[in-house]
Amino acid sequence: KYPPTGGTAALKQAIGEKFSRENGLDFAADEILVSTGAKQVLFNAFMATLDPGDEVIVTAPYWTSYTDIVKVCDAQPKVLECGEEDGFLLTPERLRAAIGPRTRWLLLNSPSNPAGAAYSPEALRALMDVVAETPNLWVMSDDIYEHILYDGAAFATPAKVAPQIAERCLTVNGVSKAYSMTGWRIGYGAGPAPLIKAMQVVQGQSTSGASSISQAAAVAALSGPQDLVTERCAVFQQRRDIVVEALNNCPGLVCRKPQGAFYVLPSCAGLFGRKTPDGQAIQDDMGFARFLLAASGVAIVPGAAFGAPGHFRLSYAYATEELEDACRRIQGACQALA
Ligand code: PLP
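Criteria and cut-off values
Residues numbered from 1 in each chain as written. Predicted model: local features only at pLDDT ≥ 70, side-chain atom pairs only at ≥ 80, totals over all residues. Heavy atoms only, no water. Salt bridge = Lys/Arg side-chain N within 4 Å of Asp/Glu carboxyl O. Helix = DSSP H or I, 4+ residues; strand = E, 2+ residues; numbered from the N terminus. Buried < 20%, exposed > 50% of the residue type's maximum accessible area, 1.4 Å probe, protein only. Pairing = 2+ DSSP bridges. Axes fitted to C-alpha atoms, helices over the stretch in contact; angles between N-to-C directions. Parallel < 35°, antiparallel > 145°, perpendicular 65-115°, else oblique. Contact = heavy atoms within 4.5 Å. Nonpolar A, V, L, I, M, F, W, Y, C, P; charged D, E, K, R; others polar. Core = buried A, V, L, I, M, F, W, Y, C linked by side-chain atoms within 4.5 Å. Polar contact = N/O pair within 3.5 Å; in protein donor to acceptor, adjacent residues only side chain to side chain.

Caption draft 1: Broad picture of the pattern of salt bridges. Applying the stated criterion to the full structure yields 11 salt bridges. Of the charged contacts, one joins Asp54 and Arg102 as a salt bridge, the two residues approaching to 2.8 Å between their closest N and O atoms. A residue pair is termed long-range when its members are at least 10 positions apart, and Asp54 in the loop between α2 (38–49) and β2 (55–60) and Arg102 in the loop between α4 (92–98) and β4 (103–109) qualify at 48 residues. The exposure class assigned to Asp54 is buried, which follows from its relative accessible area of 3%. For Arg102, a relative accessible area of 39% corresponds to the partly exposed category. Within the structure, one salt-bridge network assembled from shared partners comprises Lys18, Arg21, Glu22 and Glu146.

Given below as structure tokens:
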């Protein structure tokens, strides 16, 4: 049978328990929406709230879908570049300067795709102080990488660190990354009931809601033993260390150690102007990605796709042996540049 549009009672309960157990947040059933992935949660929220000409603050480097979803909703992404010198994080001063009369949302993602940057509770609180000064600004927090956070860092989410803005906050999460359940397509959002209701209206006229089978699987993931989540995080941390060290040994690459998620975003700007064995100069990150694919068979994503030109993204959600092989190939390719 069709499950309820906004999610089954069992899954909403499991999500409510997750928020209370892991984040110290309390949400009632009408403050939770289950969707076909976190991506649909974001889409529903923007569709439900944005008018043409509205703005959404997106920090770069950003997950490529953010800006495109905002544009599909006829609104404008206001991209704030957060450089390597700021740890790819937004500062309160830059946020304050960027807020205009049409700014509806601040979209945050911590730990982030693609930079692996994560806000400390203090840094996030400082940003939320700025949000608190701006009554019409809402916060959307994409917490999908919550459980992939390294070196004992504490996870922080806006609704928890700044209860004064919780009434203007949508917390987005899902089972894709925490439980490696990307194909099951279950994400969820929690926030004020009127917003959730509006998002459910959008969902009701698009997918009618998530598959009941996947929802049952998500209940099992959220309510079952959680040891695997920490075990997997430790494995990702080892892989991060292997990849960061190997890439920093490649002539011309500089790789910052990410704090979370499973991506590195190294700079390849040191290779620009160098020549490939067939005499082509590497001009930009796209050129480097093309060269690397042809020379070594390793696929990376050029940083320009994430608003981070001069960089590239490499996912280390692969077996350690595959990563070691890929890094050796990248080293060989970089050494072949004149
Ligand atoms: N948010 C971020 C930052 C992501 O990187 C991804 C997937 O790569 C998603 C959301 C999508 O999550 P879901 O699979 O739940 O739609």
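Still to come is the rest of the account.
Caption draft 2: Here's a closer look at the sheet that holds β4. Strand order in the open sheet made by the seven strands is β1-β7-β6-β5-β4-β2-β3, with mixed pairing throughout. Strands with a single pairing partner mark the edges of an open sheet, and in this sheet they are β1 (32–35) and β3 (76–81). Strand-to-strand twist across the sheet, computed as the mean angle between neighbouring axes with direction ignored, equals 20°. Taken together, the four bridges between strand β6 (residues 169–174) and strand β7 (residues 187–190) define a ladder with antiparallel strand orientation. Its bridge partner being in β7, Asn173 is matched across the sheet by Tyr188.

Caption draft 3: Representation of the packing of helix α9 (residues 227–248) against helix α11 (residues 320–335). Here α9 crosses α11 at 10°, and the two axes come no closer than 10 Å. Between α9 and α11, the crossing angle belongs to the class labelled roughly parallel. For the pair formed by α9 and α11, the contact residues are Arg239, Ile242, Val243, Ala246 and Leu247 on the first element and Thr320, Leu323, Glu324, Cys327, Ile330 and Gln331 on the second. Class assignment for the residues of the contact of α9 with α11 results in seven nonpolar, two polar and two charged.

Caption draft 4: Main features of the sheet that holds strand β8 (residues 263–264). Reading across from one edge, β8-β10-β9 is the order of the three strands in this open sheet, with antiparallel pairing throughout. Among the strands making up the open sheet, the edge pair consists of β8 and β9 (301–302). Of the strand pairs in this sheet, β9 and strand β10 (residues 312–315) are connected by two bridges, and their pairing is antiparallel. Bridge pairing in β10 links Val301 to Arg313.

Caption draft 5: Expanded view of the nonpolar core. Within the largest apolar cluster, 60 residues are counted, with the highest numbers of intra-cluster contacts made by Phe46, Met140, Leu170, Leu253, Phe288 and Ile330. Contact partners of Met140, with chain neighbours within four places excluded, come to Leu42, Ala45, Phe46, Trp105, Leu106, Leu107, Leu108, Leu170 and Val172.

Caption draft 6: Representation of the side chain of Gln203 within the structure. Considering the arrangement of structural elements, one finds Gln203 in helix α7 (residues 193–204). Within the local environment of Gln203, its side chain forms a polar contact with the side chain of Ser35, the two groups lying 2.6 Å apart. Those residues in contact with Gln203 that lie beyond four places of it in its chain are Thr5, Gly6, Leu33, Val34, Ser35, Gln40, Asn44, Ser208 and Gly209.

Caption draft 7: Representation of the environment of Ser296 within the structure. You can see Ser296 is positioned in helix α10 (residues 285–296). Sequence separation between Ser296 and Arg329 is 33 residues; the distance between their C-alpha atoms is 5.5 Å. When residues no more than four places from it in sequence are discounted, the contact partners of Ser296 are Phe291, Arg329 and Ala333. Polar side-chain contacts of Ser296 include one of 3.3 Å to the backbone nitrogen of Val298.

Caption draft 8: Region of interest: the pairing of β7. Side chains of β7 alternate between two faces, with Gly187 and Gly189 and Tyr188 and Ala190 buried alike. In terms of strand pairing, β1 meets β7 through four bridges, oriented antiparallel. Bridge pairing in β7 links Val34 to Tyr188.

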